[in-house]
Amino acid sequence: MKDLTPDPNRPLNVSRRGFLAGTGALVLSVSLPTRNARAQGEAAPVDAYLALNTDGTATLQSPFIEGGQGVFSALAQIVGEELDLEPSQIAVECAPPGDAYKTIDGARFTGGSLSIRSSYTLMRTLGASARTMLVQAAADAWGVEAGEVTTEPGTILHEASGRQAGFGDFAEAAMDMPVPTGVSLRDPVEFRWIRQPLPRYDVRSKSTGQAEYSIDVQIDGLLNAAVRHAPRLGLTPSSVENLDEVEAMRGVHSVHMLDGAVAVVADKFWQARRAVESAKIAWEAGDSNYPMPADFSSTEFRDVLRAEAGPGVEVEAEGDAPQALENAETVIEAEYDAPFLVHGQLEPPSTTARFNKDGTLDLWLPNQAPEMFQGAAAGAAGIPAENIRIHSQLLGGFFGRHFLYADASPFPQAIQLARATGRPVKVLWTREEEFLRDANRPMAVARFRGAVDANGPAALAIEAVGEAPIGRWYGASPGQDGSAHEGLSGKPYAIGNRRVGHVFVQNPAMIGFWRSVGHSMNDFFYESFLDELAEAAGRDPFEMRHDLLEGSNRHRTLLETVADLSGGWQGTAFDAEGGERRARGVAMASPFGSETATIAEVSLDGGAVRVHQVWVAIDPGQIVNPAVIEAQVQSAVALGVSQTLVEELVYDDGEPQARNFDLYPILRPDQMPEVHVRIVESGATMGGVGEPGLPGVAPAIVNAVANLTGQRVRSLPLSKYDFG
Amino acid sequence: MQLNVNGSTHEVDVEPDTPLLWVIREEIGLTGTKFGCGIAQCGACTVLVDGQPTRSCVTPAEGLEGAKITTIETVEDDPVGKKVVEAWVDQQVPQCGYCQSGQVMAATALLTQTPNPSDADIDAAMTNLCRCGTYNKLRAAIRSASEG
Ligand code: FES
Ligand code: FES
């Protein structure tokens, strides 16, 4: 395929009938250069596949995984727009592993709020090319000029002769057409489906229990396994004292000592679980690349982070912050921190593994990166990656949970048990076992030093202290790891003297990506401290931000929009209906290519904070589906409120103190604020949608709390404090 | 023991303390009812037992003989359940969808018992967790189902 790509934007017809067996007539593969490849001046293939079916429908292989963020529906909307086919007529499936689907700088994953923005042009080009080929096929058959042939949704028309046909009638013939070069894309003013709040395709199946997830996979001859994990990584089972008893329990097939876990395989999961719970396991020191110290305590680790001296590797600087701070009459200092968090996706992880007679392996599992899991599974199984079929399942929530982390997924256990038993095995982790092996949002500390004049901040020096997931999992060194400092760096405010440094401190816990990653805490740190600076300067925090955004109309517009949405900025506490005292706080964030401005309104309920309303103005540059964006902002706000109010994973003696939602509460329905969203489509480069709604929430709430109570919270969650 | 699930009688041979959730999922083979926490915290496993929303992960199968158990698979056979599902689709409630079987069952029980619930009624009845944060859409859907 590679040498057939003279024009990097030109889709290639690689099907030649049946490239994807049984999918119908036309299969397109588009090769586009990745950003890296472009930089190297050479086109690397990035392929997506579209099949036109003879019944007039189409099937799209998605490089991305659906987990509730609406990506499948959005892709159908984009392709349908250019293909001229109702999006509801396009079935979207998660593509199997393949280099063809590595659409993000030569990699494939669902994350970074990148799916739509990274593939928008590709998907439009695919749709437009397929439409052109259908038109050409019909024109040839009818003996007319292609220029006289038009389409209406699903239909090809020749007005002069009154001829018309369905797309399915020419699906076969279109396949033999040359793939056009330089297809023109629709003028956005003519969009029928892009920019419309179309319903998502999977809502009915999810409202009737028909949607199937990894946990629901059923195959012939399946055995079920339950595990007990070592209480911390680095321990492994030495014996099961009551092995005979466990083996004799009802339904039990076999008991297995795995790396860092004991597994019971049984006919039914519940039998396996009951048996493994009854096992009396002795643990001993074992091997782990990430051993958890037996005395690890998150409270003490926070002190370690606090004690680590700066200034760290410089990641952003302007003017001379150290000098300006040195010269300043008054320097304001503050230290902020945020705790470990779990993902808490509602579907616990599971994997079904089946070895086949021909030596191949099938895996059904949740994942955000099929090729990476395929590669890791090859290592675990000791067979070549191409002999492993990855069946990526609908995700029961993810939020970063299903990237590839060490020791954090059940697939190596499933592979080992399937091999040991000679039967297909499904491993399901209970919530308790999941809490022991989740890759946490890392704990981090940020130190601020700032100086103000009468207008506001004159100098700002920030140190981000800790370890972040890009460094851990992709080898980015301190200074290169944006996930450590995003949200402390990249802020839009015109502060003449500023410096941001990353002070690396290795984190003994298993850490991972959590919705909005570094932004999930860094914007809380920054935007809270900005309010502290406003107070020091005697300025209203909204007005001061507005001034600091001079020179960026995009940000000013957004800030004005959220104020307008909330009925006008209210900078002082006020009495709500019924006499309850309330206050508001504001924050901005620039996450994942989008911009947000957020206002939150709070009151006190006893000694606890109650969040009543959250207003979010979001500018993703360009949009595909406003209803999906609104839903994603609602969802991100919920997670943002949750981490602000109640979430904190505490480690003592190397073990998480919570193992389920009883001791690790997540946001309840009666804690959910009203959420008001306004989308601003500025026309800037398309940004992400899944994560950007989150980062502004914590600082807006905490700033509102400071406004209401005079107390500045520098450590989350708010449930640690009694404001009574 | 014999269990009446969705109008049919099933003979199941399980340890008496097996949670109803696993009887439904593994013995009867209906997987629309989900496992989230196993300790009555999340509500993903909600089914109706004689019309009462019940967290099946902590409800032993023994003692349910003679009870009428309804799961998400037949919720649309009930006129209120059907209205709830339609409202869920209209309001585009689900995101990942994993909690939604339980949410639909809880809402069906609520609207069967209280056709026009107050906000306080909704707060009291709708306690299932949703990590995707669909809470506002859930509430809107219950409102529209109660009006429709
Ligand atoms: S699985 Fe039953 S309440 Fe969570
Ligand atoms: S829709 Fe995902 S948990 Fe509720």
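Colleague: So what's going on with the sheet that holds strand β8 (residues 163–166) of chain A? Which residues, and what values?
Modeller: Within a sheet, adjacent strands bond to each other through the backbone by hydrogen bonds, running parallel or antiparallel. All names here are of chain A. The three strands lie next to each other as β6-β7-β8, forming an open sheet whose pairing is antiparallel. Because the sheet does not close on itself, it has two edges, and the strands there are β6 (149–152) and β8. Pairs of neighbouring strands in the sheet enclose a mean axial angle of 25 degrees, with direction left out of account.

Colleague: Explain unusual backbone geometry residue by residue, including any values.
Modeller: The omega torsion of the bond from G310 of chain A to P311 of chain A falls at 5 degrees, within 30 degrees of zero and hence cis. By secondary structure assignment, the location of P311 of chain A is in the loop between α8 (298–307) and β14 (313–318). Going from L716 of chain A to P717 of chain A, the amide bond is cis rather than trans, its omega being 0 degrees. Looking at the element boundaries, P717 of chain A is found in the segment after α19 (697–709). Of note in this structure, D105 of chain A is not a glycine but carries a positive phi near 50 degrees. Mapped onto the secondary structure, D105 of chain A falls in the loop between β5 (90–94) and α3 (115–142). Here the phi dihedral of A40 of chain B falls at roughly 65 degrees; this positive angle occurs in a residue that is not glycine. Residue position: A40 of chain B is located in the loop between α1 (20–27) and β3 (46–49).

Colleague: I'd like to hear about the domain arrangement of chain A, residue by residue, with values.
Modeller: Residue and element names in this part refer to chain A. For chain A, the assigned domains are domain 1 (11–207), domain 2 (214–288 + 349–428) and domain 3 (298–340 + 441–720). Contacts between the two partners involve 14 residues from domain 1 and, on the opposite side, 15 residues from domain 2. It is I65, P97 and R108 in domain 1 that bury the most area against domain 2; as a group they hold 42% of the surface buried on that side. Our count for the domain 1 to domain 2 interface comes out at one salt bridge.

Colleague: Could you give an account of the confidence of the model for chain A, naming the residues involved and the relevant values?
Modeller: With 93% of its residues at a pLDDT of at least 70, chain A reaches an overall mean of 92. Considering only residues more than four positions removed or in separate chains, one finds that residues 1–48 of chain A, a stretch of pLDDT under 50, has 129 contacts.

Colleague: Can you tell me about helix α11 (residues 411–421) of chain A, naming the residues and giving the values?
Modeller: In an α-helix, one full turn covers 3.6 residues, which means residues spaced three or four apart are oriented alike. Those residues of α11 of chain A that sit buried are F411, Q413, A414, I415, L417, A418 and T421 of chain A. Immediately downstream of α11 of chain A, the backbone of G422 of chain A shows phi near 70 degrees, a positive value.

Colleague: Give a description of the interface of chain A and chain B that names residues and reports values.
Modeller: Accessible area lost upon the coming together of the parts is a frequently used measure of interface size. Contacts between chain A and chain B engage 59 residues on the former and 48 residues on the latter. Across the chain A to chain B interface the summed buried area is about 4,400 Å²; carbon plus sulfur atoms make up 53%. Taken together, chain A and chain B are joined by 10 salt bridges. One salt bridge in this structure joins R250 of chain A and D13 of chain B, with 3.0 Å as the shortest N-O distance. Seen at the junction of chain A and chain B, the total is 29 residue pairs in polar contact (both at pLDDT 80 or more). At the level of elements, α5 (203–207), α7 (269–278), α12 (431–437), α18 (626–645) and β29 (674–679) of chain A are the ones that each hand at least two residues to the side of chain A that touches chain B. No other element matches α18 of chain A, which puts eight residues into the side of chain A that touches chain B. Split by residue class, the side of chain A that touches chain B holds 25 nonpolar, 18 polar and 16 charged.

Colleague: Please give an account of the packing of helix α15 (residues 519–537) of chain A against α19 of chain A that cites residues and values.
Modeller: Residues and elements named next belong to chain A. Packing of α15 against α19 leaves a shortest axis separation of 8 Å and a crossing angle of 30 degrees. The crossing of α15 and α19 is right-handed. For the pair formed by α15 and α19, the contact residues are D523, F524, E527, S528 and D531 on the first element and A698, P699, V702 and N703 on the second. Residues that form the contact of α15 with α19 fall into these classes: four nonpolar, two polar and three charged.

Colleague: Run through the sheet that holds strand β5 (residues 68–70) of chain B, naming residues and quoting values.
Modeller: Residues and elements named next belong to chain B. Pairing is mixed across the open sheet formed by five strands, whose spatial order is β2-β1-β5-β3-β4. Every other strand in the sheet has two partners, leaving β2 (8–11) and β4 (52–55) as the edge strands with one partner each. On average, each strand axis in the sheet is tilted by 40 degrees relative to the strand beside it, whichever way the strands run. One ladder, built from two bridges, connects strand β1 (residues 2–5) with β5; its direction is parallel. Across the sheet, the residue bridging to V5 is I69, located in β5. Packed onto the sheet, α1 meets β1, β3 and β5 and runs at close to 100 degrees relative to β3. Across the sheet, helix α3 (residues 100–113) lies against β3, β4 and β5, angled at about 35 degrees from β3, the strand it touches most.

Colleague: Please set out a negative patch on the surface residue by residue, giving values where relevant.
Modeller: Together, D295, E300, D652 and D653 of chain A line one region of the surface with negative charge. For D653 of chain A, a relative accessible area of 54% gives the class exposed.

Colleague: So what's going on with the domain arrangement of chain B? Residues and values would help.
Modeller: Residues and elements named next belong to chain B. We note that the domain assignment places domain 1 (2–73) and domain 2 (76–147) within chain B. Across the contact, 16 residues belong to domain 1 and 11 residues belong to domain 2. In this assembly, domain 1 packs against domain 2 so that about 1,200 Å² is buried in total across both faces, 58% of it on carbon and sulfur atoms. Inspection of the domain 1/domain 2 interface yields zero salt bridges. On the surface where domain 1 and domain 2 come into contact, there are seven residue pairs in polar contact (both at pLDDT 80 or more). Of all the elements in the fold, those that place two or more residues in the side of domain 1 that touches domain 2 are β3 and β4. Its residues assigned to classes, the side of domain 1 that touches domain 2 shows six nonpolar, eight polar and two charged.

Colleague: Tell me about the pattern of salt bridges, and name the residues and values.
Modeller: Residues and elements named next belong to chain A. Scanning all chains against the criterion turns up 52 salt bridges over all chains. With its nearest N and O atoms 2.9 Å apart, the salt bridge here joins E81 to R192. Note that E81 is positioned in helix α2 (residues 71–83) and R192 in the loop between α4 (171–174) and α5, a separation of 111 residues in sequence. By relative accessible area, R192 is classed as partly exposed at 28%. Through salt bridges with shared partners, one network takes in R302, D303, R306, E335, D337, R447 and E463.

Colleague: Now, about the pairing of strand β12 (residues 261–266) of chain A: what can you tell me, with residues and values included?
Modeller: Residue and element names in this part refer to chain A. Of all six residues that make up β12, six are buried, and the element is covered over most of its length. Both faces of β12 are covered, namely the face carrying A261, A263 and V265 and the face carrying V262, V264 and A266. Of the strand pairs in this sheet, strand β9 (residues 223–229) and β12 are connected by six bridges, and their pairing is antiparallel. Residue pairing in the sheet places A225 in a bridge with V265 of β12. Relative to β12, strand β11 (residues 252–258) runs antiparallel, the two sharing six bridges. Counterpart to L258 in the pairing with β12 is A261.

Colleague: Let's hear about the packing of aromatic side chains: which residues, and what values?
Modeller: Residue and element names in this part refer to chain A. In the structure shown here, the tally under the stated rule is 30 aromatic pairs over all chains. One aromatic cluster in this structure is built from F109, Y290, F403, Y405, W473, Y474 and F513. We note R192 situated over the ring of W193; from NZ or CZ to the ring centre the distance is 4.4 Å. The ring centre of W514 lies 5.8 Å from the NZ or CZ of R441, which sits over that ring.

What counts and what doesn't
Residue indices follow the written sequence of each chain, beginning from 1 at its first position. Going through the entries in the order they are written, you letter the chains from A and number the ligands from 1. It should be noted that, the model being predicted, local features are given only for residues of pLDDT at least 70 and side-chain atom pairs only at 80 or more, the latter also being counted only at that level, while totals for whole chains, interfaces and linings use all residues. Hydrogens are left out, water is left out, and the side-chain values use all remaining heavy atoms of the structure. Whether two strands pair depends on DSSP finding at least two bridges between them. Segments assigned H or I by DSSP are reported as helices when at least four residues long, segments assigned E as strands when at least two residues long, and all are numbered from the N terminus. For helices, the axis comes from a line fit to the C-alpha atoms of the stretch in contact; other axes are also lines fit to C-alpha atoms, and the angle between any two N-to-C directions lies between 0 and 180 degrees. All domain edges in this entry derive from an automatic or database-based domain assignment. Should any heavy atoms of two residues lie within 4.5 Å, those residues are counted as being in contact. Here the quantity called buried area is the total loss of accessible area, with a 1.4 Å probe, experienced by two parts when brought into contact, counted for both. When a carboxyl oxygen of Asp or Glu lies within 4 Å of a side-chain nitrogen of Lys or Arg, that pair is called a salt bridge. The predictor attaches a confidence to each residue, called pLDDT, with possible values from 0 through 100. Using a 1.4 Å probe on the protein chains alone, a residue whose accessible area is under 20% of its type maximum counts as buried, one over 50% counts as exposed, and one in between counts as partly exposed. A 3.5 Å cut-off defines polar contacts: any pair of N or O atoms within that distance qualifies, except that in protein one atom must be a possible hydrogen donor and the other a possible acceptor, and neighbouring residues in sequence count only when both atoms are side-chain atoms. Each residue is assigned to one of three groups, with Ala, Val, Leu, Ile, Met, Phe, Trp, Tyr, Cys and Pro labelled nonpolar, Asp, Glu, Lys and Arg labelled charged, and all others, Gly among them, labelled polar. For any pair of crossing helices, the crossing counts as left-handed if the nearer helix is rotated counterclockwise from the farther one by less than a right angle, and right-handed if it is rotated clockwise. Each patch groups residues whose relative accessible area exceeds 30% and which form no salt bridge, using 9 Å between like charges and 5 Å between nonpolar side chains of Val, Leu, Ile, Met, Phe, Trp and Tyr. Residue exposure ignores everything except the shown protein chains as possible cover, and the areas themselves are Shrake-Rupley values with a 1.4 Å probe. Working convention for charge: Lys and Arg count positive, Asp and Glu count negative, and His plus the chain ends are omitted. Positions of charges follow a simple convention, taking NZ of Lys, CZ of Arg, CG of Asp or CD of Glu. Planes of paired rings set the category: under 30 degrees apart is stacked, over 60 is edge-to-face and the rest tilted, where pairs are Phe, Tyr or Trp rings (Trp by its six-membered ring) whose centres lie within 6.5 Å. In this analysis the charged atom, NZ for Lys or CZ for Arg, is taken to sit over a ring once it is within 6 Å of the ring centre and within 35 degrees of the ring normal.

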